[in-house]
Amino acid sequence: MAKVIVVTSGKGGVGKTTSAASIATGLAMRGQKTVVIDFDVGLRNLDLIMGCERRVVYDLVNVIQGEAGLNQAMIRDKRVENLFILPASQTRDKDALTQEGVKDVLGKLRQEFDFIICDSPAGIERGAQLAMHFADEAVVVTNPEVSSVRDSDRILGLLASKTQRAEEGSEPVREHLLITRYNPDRVTSGDMLTLDDIREILAIELLGLIPESEAVLSASNQGVPVIHESASDAGLAYLDTVSRLLGEEVPLRFHQTSKKGFLTRMFGGGGRR
Amino acid sequence: MKLLEFLKRERKKSASVAKERLQIIVAHQRSQRGQPDYMPMLEKELVEVIRRYVQIDDDAVQISLDSEDNCSVLELNVTLPKS
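No experiment lies behind these values; they were computed from the predicted model shown.

The rules we used
- Residues numbered from 1 in each chain as written.
- Chains lettered and ligands numbered in written order.
- Predicted model: local features only at pLDDT ≥ 70, side-chain atom pairs only at ≥ 80, totals over all residues.
- Heavy atoms only, no water.
- Helix = DSSP H or I, 4+ residues; strand = E, 2+ residues; numbered from the N terminus.
- Rg over C-alpha atoms; globule rule 2.2 N^0.38 Å.
- Buried < 20%, exposed > 50% of the residue type's maximum accessible area, 1.4 Å probe, protein only.
- Contact = heavy atoms within 4.5 Å.
- Lys, Arg positive; Asp, Glu negative; His and termini not counted.
- Charge placed at Lys NZ, Arg CZ, Asp CG, Glu CD.
- Pairing = 2+ DSSP bridges.
- pLDDT = per-residue confidence, 0-100.
- Phe/Tyr/Trp six-rings, centres within 6.5 Å; stacked < 30°, edge-to-face > 60°.
- Lys NZ or Arg CZ within 6 Å of the ring centre and 35° of its normal.
- Axes fitted to C-alpha atoms, helices over the stretch in contact; angles between N-to-C directions.
- Disulfide = S-S within 2.5 Å.
- Salt bridge = Lys/Arg side-chain N within 4 Å of Asp/Glu carboxyl O.
- Core = buried A, V, L, I, M, F, W, Y, C linked by side-chain atoms within 4.5 Å.

Colleague: What am I meant to see in the overall build of chain A here?
Modeller: The helix and strand tally for chain A stands at 13 helices and 8 strands. At 19 Å, chain A has a C-alpha radius of gyration in line with the 19 Å of a compact globule built from 273 residues. The dimensions of chain A, computed from C-alpha atoms along their principal axes, are 65 × 40 × 35 Å. Within chain A, buried positions represent 53% of all 273 residues. For chain A, the share of sequence-separated contacts (at least 6 apart) that also reach a separation of at least 24 residues comes to 74%. Charged side chains in chain A number 32 positive and 38 negative. The centres of these two groups are separated by 3 Å.

Take a look at the structure:
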């Protein structure tokens, strides 16, 4: 049975596209046939993060409006088998998406894929609501920062009221928390919300924790989803996240500050500030 | 320098301020969840109507909608100033 998972957050810039790209890649690496769809019509970026921007011919809007077939629009990933990208339109405006059209596309993809990852645009308007409407599960990407946490709570409200599952009164959308850009040093010094603070406030199950990492920017510079950087902390954290999404129990890592000697703690020196 | 910072570590850390603020705002957001979209407007207009007769503060009116088995109850709580 295919699963539709929306990656959403409310607030922009928290790591939705980075996370959608890495989660989709990770699922395909684990042998799951996966497609990742960019719902950010007008501001597409998933193609850049996936490194396939020069291979975009048709997009989601073309498919919905009948100007191209699904198989023409989907881009086969060059690094991982079983992985496809369905880009957003760059030129149309966001009203080009219709609920019926999205339903139709997702219905066809459900026949063919194990996982359908929907990369939501920021905000809580139409585009974001369409991205989440048909979801079975949701990954709520949150930074340890007040505005991101508040917006995540707003998104949880929408997931519980505006989705197809909510409207039909069937089993609610399963909500997962993914904390990104976590900096254990700043948490220890009391300048950043802790993992437990965020869990307590949002009260949803934790799927993963991605540390703030230099690997994320250098991966996006190169158009390689950071999960491929398996020597980096962020890459490993995304691998763990995907394992948990597949139902495995994996202990949390990268949430504690790296141990420093007594002298370093007292007088500093070389530590990342 | 580090030692000085350590000794000065008395004031409240910013993360705990953030947590307290979030707890309040999130509780408020959740109390409004599932309400019909017209509730904020209804509340505003009720305040205006009451003000034609009595001068009250913006936060003097509290309304809530509770669903029971086959009906909904609109509860209206108005605090009037001492006259």
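Colleague: Just to check I follow, could you spell out the pairing of strand 6 (residues 137-142) of chain A for this structure?
Modeller: The side chains of a regular strand alternate between both faces of the sheet. Residues and elements named next belong to chain A. Counting buried residues in strand 6 gives 6 out of 6 residues, a clear majority hidden from the surface. Residue alternation in strand 6 divides its side chains into two sets, Glu137, Val139 and Val141 and Ala138, Val140 and Thr142, and both sets are buried. Two elements, strand 6 and strand 7 (residues 174-182), share 6 bridges in a ladder whose sense is parallel. For threonine 142, the partnering residue across the bridge sits in strand 7 and is isoleucine 179.

Colleague: I'm lost on the confidence of the model for chain A in this one. Help?
Modeller: Interpreting fine coordinate detail is not advised for predicted regions of low pLDDT. Summing up the model confidence of chain A, the mean pLDDT is 93 and the portion of residues at 70 or higher is 94%. In the predicted structure, residues 269-273 of chain A sits below a pLDDT of 50 and forms 5 contacts with residues beyond four places in sequence or in another chain.

Colleague: Just checking my understanding: could you explain the packing of aromatic side chains for this structure?
Modeller: To describe a pair of aromatic rings, one takes the distance between the centres and the angle between the planes. Residues and elements named next belong to chain A. On inspection of all chains with the given rule, the structure shows 1 aromatic pair over all chains. Between the aromatic rings of phenylalanine 84 and phenylalanine 113, the centroid separation amounts to 5.6 Å while the plane-to-plane angle is 80 degrees, which identifies the pairing as edge-to-face. Residue phenylalanine 84 is located in strand 4 (residues 83-86), and its partner phenylalanine 113 is located in the loop between helix 5 (99-112) and strand 5 (115-119); the two are separated by 29 residues in the primary sequence. Look at phenylalanine 84 and you get buried, because its relative accessible area is 12%. Its relative accessible area of 3% is what places phenylalanine 113 among the buried residues. Stacked on the ring of phenylalanine 113, the Lys or Arg lysine 33 has its end atom at 4.9 Å from the ring centre.

Colleague: Which parts of the structure should I look at to understand the sheet that holds strand 2 (residues 34-38) of chain A?
Modeller: Working definition: the strands of a sheet are paired by backbone hydrogen bonds and lie parallel or antiparallel to each other. Residues and elements named next belong to chain A. Strands sit in the order 3-4-2-5-1-6-7-8 across an open sheet of 8 strands; the sheet is mixed. Two strands in the sheet have a free side with no partner beyond their single neighbour: strand 3 (75-76) and strand 8 (205-211). In the sheet, strand 1 (residues 3-8) pairs with strand 6 via 4 bridges, with the strands oriented parallel. Each residue of the ladder has a partner; that of valine 6, found in strand 6, is alanine 138. Lying on the sheet, helix 1 (residues 16-29) is in contact with strand 1, strand 2, strand 4, strand 5, strand 6 and strand 7; it crosses strand 5 at an angle near 170 degrees.

Colleague: When you look at the state of the cysteines in this model, what are you seeing that I'm missing?
Modeller: Linking two cysteines covalently via their sulfur atoms produces the bond known as a disulfide. Counted under the stated rule, the structure contains 0 disulfides over all chains. Just so you know, cysteine 118 of chain A is unpaired, no disulfide at all, and the nearest cysteine sulfur is the one on cysteine 52 of chain A, 16 Å from it.

Colleague: Would you mind going over the pattern of salt bridges with me for this structure?
Modeller: Between side chains of opposite charge, a pair can form as their charged atoms come close. All told, the structure shown has 15 salt bridges over all chains when counted by the stated rule. Among the charged side chains, a network of salt bridges with common partners joins Arg110, Asp136 and Arg165 of chain A.

Colleague: I keep staring at the environment of arginine 92 of chain A and nothing clicks. Help me out?
Modeller: Residues and elements named next belong to chain A. Following the sequence through the fold, arginine 92 ends up in the loop between strand 4 and helix 5. With 16 residues separating them in the primary sequence, arginine 92 and arginine 76 have C-alpha atoms 23 Å apart. Aside from chain neighbours lying at most four places away, what touches arginine 92 is Val41, Gly42, Val61, Asn62, Gln65 and Glu67.

Colleague: Looking at this model, I keep getting lost on the nonpolar core. Mind explaining?
Modeller: For soluble globular proteins, nonpolar side chains are generally found buried alongside one another. Residues and elements named next belong to chain A. The biggest cluster of nonpolar side chains holds 53 residues, and the ones touching the most others in it are Val35, Ile37, Leu86, Leu109, Ile116 and Leu159. No other element matches the 5 residues that helix 7 (residues 146-159) contributes to this core. When residues no more than four places from it in sequence are discounted, the contact partners of isoleucine 37 are Leu46, Leu60, Leu86, Leu106, Leu109, Ile116, Ile117, Cys118 and Asp119. Core analysis: the next-biggest nonpolar cluster, separate from the first, contains 35 residues, Ala24, Leu83, Ile117 and Ile227 among them.

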